[in-house]
Amino acid sequence: MTEGGFDSRLRIAVVIGSVRKPRLADPLAAWLGRELTAIDWLDLAGAVLLVPGIVAVAYGISAQDGPAWVRIATAAIGAMLVAVFSARALTHPEPLLRIGLLRNPTFGRGAAILALYAAPYFGSALLMPAYVQVLRGDGASVTAALMVPGAVGMGVSLHVAARLLERLGSRLVVGTGLGLAIGAGLLQVVVLRPDTPYPVLGVLGLLQGAGTGAIMMPTMSSSSRDLHGPDLTSGSALLSLVNRVANGMGTVAVSALFTVLAAAMTGGASLIDMAGSGTADRAAQVIAAVDALRSTQAAACIVMSLALVVRLRSPGRVSAILGRRDSAVKAEGVR
């Protein structure tokens, strides 16, 4: 529960009468660390709406079997449940997630950047194992080795970006990270072939990992700068959920797109068919499947580019600093 900013103290569904039940109210208020409102409760109805809604949307997108109308209807029902949850959260006194925080320009922009980048980036992570182990026939150890440069680049970039964030501002740091990650992804689309040297892919993975490190943490840190008190905790939880849902939805969408493109370009052959030995036209199928993988990667880069557009449309560092100073001056005047 503590991960992603969730409050580790569970809100119990209980109606408190501070006059009628002082012995119960006082210890619970001390446990929660604040004075009790009329109702402190866990929004179970919100969870009932949100969780099945997300699962239904993911299933509707990813399912390959069954009639198309069933998949479309499932995804539509899931989207409707999520929409009902969002509308309810805007008016509920203690919602499961404070969706209204997305109206804050800084916070809403950060959430959009996270969703638009995390979905295609983490979703396309499944493409490399398919390329190495199925299309090229190499072992899982090769796949693991190709993942190492990306992890190293991300780790180094996290430390560098944290130091540059206050000095240069999130617009420049995150914008640079997005440009680097998108550029590395596009280069991978250009150079990817059935026999592309693994060191080349490792270098591109290093660059994309470095870009990702300059995107995720700075975006989450800067998005919450205008939030205070309970909104700060709820904002952290909401950003974590946006990130996780985007990861899941991205994985589902990328997998479905690659499956459809591979089947269309290979004449209906599946990855299982191409993994088997002794197929007469396997070489032609592998070339077509690599082209499908490149097209999927290109689509992922297009979605990432939307995150860059959102980031560059935000105010620059100077105007953001001046805006915060004006807010501080007004706050002092009110006092």
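Residues numbered from 1 in each chain as written. Predicted model: local features only at pLDDT ≥ 70, side-chain atom pairs only at ≥ 80, totals over all residues. Heavy atoms only, no water.

Q: What am I meant to see in the overall build of the protein here?
A: Looking only at helices and strands, the protein features 13 helices and two strands. In the protein, which comprises 335 residues, the share counted as buried stands at 37%. Taking contacts inside the protein between residues at least 6 apart in sequence as the whole, the part at least 24 apart equals 75%. Carbon and sulfur atoms form 67% of the exposed surface of the protein, whose accessible area is close to 17,700 Å². (Helix = DSSP H or I, 4+ residues; strand = E, 2+ residues; numbered from the N terminus. Buried < 20%, exposed > 50% of the residue type's maximum accessible area, 1.4 Å probe, protein only. Contact = heavy atoms within 4.5 Å. Areas by Shrake-Rupley, 256 points an atom, 1.4 Å probe, with all protein chains shown as cover.)

Q: What is the right way to look at the packing of aromatic side chains in this model?
A: Ring pairs (aromatic) are described by centroid distance and by the angle formed between their planes. The full count for this structure, using the stated rule, is two aromatic pairs. Judged by centre distance (5.3 Å) and plane angle (15 degrees), the rings of Tyr 117 and Tyr 121 are stacked. With Tyr 117 and Tyr 121 both in helix H4 (residues 105–123) and four residues apart, the pair spans about one turn of that helix. Tyr 121 shares its class with Tyr 117; the two are buried. With a centroid separation of 4.9 Å and 80 degrees between ring planes, the pair formed by Tyr 121 and Phe 122 is classed as edge-to-face. Its relative accessible area of 30% is what places Phe 122 among the partly exposed residues. Through successive ring pairs, a cluster of aromatic residues spans Tyr 117, Tyr 121 and Phe 122. (Phe/Tyr/Trp six-rings, centres within 6.5 Å; stacked < 30°, edge-to-face > 60°.)

Q: Honestly, the packing of helix H6 (residues 140–168) against helix H7 (residues 170–191) in this entry has me stumped. Any pointers?
A: Helix-helix packing: each pair is described by the crossing angle between the helix axes and the interaxial distance. With their axes 7 Å apart at the nearest point, H6 and H7 run at an angle of 135 degrees to one another. Taken together, H6 and H7 sit at an angle that is classed as oblique. Of the residues in H7, those touching H6 at Ala 161, Leu 164, Leu 165 and Leu 168 are Ser 170, Leu 172 and Val 173. Of the residues belonging to the contact of H6 with H7, the class tally is six nonpolar, one polar and no charged. (Axes fitted to C-alpha atoms, helices over the stretch in contact; angles between N-to-C directions. Parallel < 35°, antiparallel > 145°, perpendicular 65-115°, else oblique. Nonpolar A, V, L, I, M, F, W, Y, C, P; charged D, E, K, R; others polar.)

Q: Hey, could you run me through the confidence of the model for the protein in this one?
A: A low pLDDT means the predicted coordinates there should not be read in detail. Looking at the protein as a whole, its pLDDT mean stands at 79, while 78% of the residues score no less than 70. Put simply, strand E1 (residues 14–15) is where the protein has its lowest mean pLDDT, 32, and helix H8 (residues 198–213) is where it has its highest, 95. Confidence drops under pLDDT 50 across residues 1–25; counting only partners more than four residues distant or on other chains, this segment forms 38 contacts. (pLDDT = per-residue confidence, 0-100.)

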